[in-house]
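If you want the building blocks of each chain, they are given just below.
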Amino acid sequence: EAECTKTVSQLLALCFPPVADSTRYHCSGRIVSVDSSMQWYYLGCALCSKAAIDYDGVDKWCDDHRRLVPQQTQNFYKLRVTVDDNTGSAAFVLLGRAADLLVG
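None of these values were measured; they are calculated from a predicted model. (Residues numbered from 1 in each chain as written. Predicted model: local features only at pLDDT ≥ 70, side-chain atom pairs only at ≥ 80, totals over all residues. Heavy atoms only, no water.)

(A) Representation of the overall build of the protein. Of the regular secondary structure elements, the protein holds 2 helices and 9 strands. Reading the secondary structure of the protein in the N-to-C direction produces β-α-β-β-β-β-β-β-β-β-α. Over its C-alpha trace the protein gives a radius of gyration of 16 Å, far above what one expects of a compact globule, namely 13 Å for 104 residues. Per-residue burial over the protein gives 18% buried out of 104 residues. At a minimum sequence separation of 6, the contacts of the protein that also span at least 24 residues come to 45%. Accessible surface computed for the protein: about 7200 Å², of which carbon and sulfur atoms make up 51%. Seen as two clouds, the 10 positive and the 12 negative side-chain charges of the protein have centres 1 Å apart. (Helix = DSSP H or I, 4+ residues; strand = E, 2+ residues; numbered from the N terminus. Rg over C-alpha atoms; globule rule 2.2 N^0.38 Å. Buried < 20%, exposed > 50% of the residue type's maximum accessible area, 1.4 Å probe, protein only. Contact = heavy atoms within 4.5 Å. Areas by Shrake-Rupley, 256 points an atom, 1.4 Å probe, with all protein chains shown as cover. Lys, Arg positive; Asp, Glu negative; His and termini not counted. Charge placed at Lys NZ, Arg CZ, Asp CG, Glu CD.)

This is the structure:
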């Protein structure tokens, strides 16, 4: 898995969704706003923080673990933010632990 640093304008110029690409992009900027109109949390697997999907109205399923995780779920932050650098601005979604760092 490759890592690559890009500016906001370079990220906006990329073709999305990427085709079979596992590159992780790093972008440094300033958060200028948080969209409070969106749902601010999601139910996730407490082991990996990925979304836990409703299985039967009671139990939850984790695709990452490929099993039911009924007692191992918790709410995680999901924040839509606008990030600005000196090249432009764009919306990003911060999930799980990345959003926890912002909220504290």
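(B) View of the side chain of Lys 60. Mapped onto the secondary structure, Lys 60 falls in strand E6 (residues 60-62). The exposure class assigned to Lys 60 is buried, which follows from its relative accessible area of 16%. At 3.3 Å, the side chain of Lys 60 forms a polar contact with the side chain of Asp 54. With sequence-adjacent residues up to four places away left out, Lys 60 is seen in contact with Leu 43, Ala 52, Ile 53, Asp 54, Tyr 55, Arg 67, Leu 68, Val 69, Pro 70 and Thr 73. (Polar contact = N/O pair within 3.5 Å; in protein donor to acceptor, adjacent residues only side chain to side chain.)

(C) Spotlight on the sheet that holds strand E7 (residues 67-68). Taking strand neighbours across the sheet as the criterion, the 3 strands line up as E5-E6-E7 in an open arrangement whose pairing is antiparallel. At either end of the open sheet lies a strand with only one pairing partner, and these are strand E5 (52-54) and E7. In this structure, E6 lies alongside E7, joined through 2 bridges in antiparallel fashion. Residue pairing across strands places Trp 61 opposite Leu 68, the latter belonging to E7. (Pairing = 2+ DSSP bridges.)

(D) A look at the pattern of salt bridges. The final tally for this structure, using the stated rule, is 4 salt bridges. With a shortest N-O distance of 3.5 Å, Arg 30 and Asp 84 are connected by a salt bridge. Taken together, the residues Arg 30 in strand E3 (residues 30-35) and Asp 84 in strand E8 (residues 73-85) connect sequence positions 54 residues apart. When its relative accessible area of 52% is taken as the criterion, Arg 30 is described as exposed. A salt bridge links Asp 35 to Arg 80, with the nearest nitrogen and oxygen atoms 3.9 Å apart. Highlighted residues: Asp 35 in strand E3 and Arg 80 in strand E8, separated in sequence by 45 residues. The class of Asp 35 is partly exposed, set by a relative accessible area of 28%. The class for Arg 80 is partly exposed, based on a relative accessible area of 35%. (Salt bridge = Lys/Arg side-chain N within 4 Å of Asp/Glu carboxyl O.)

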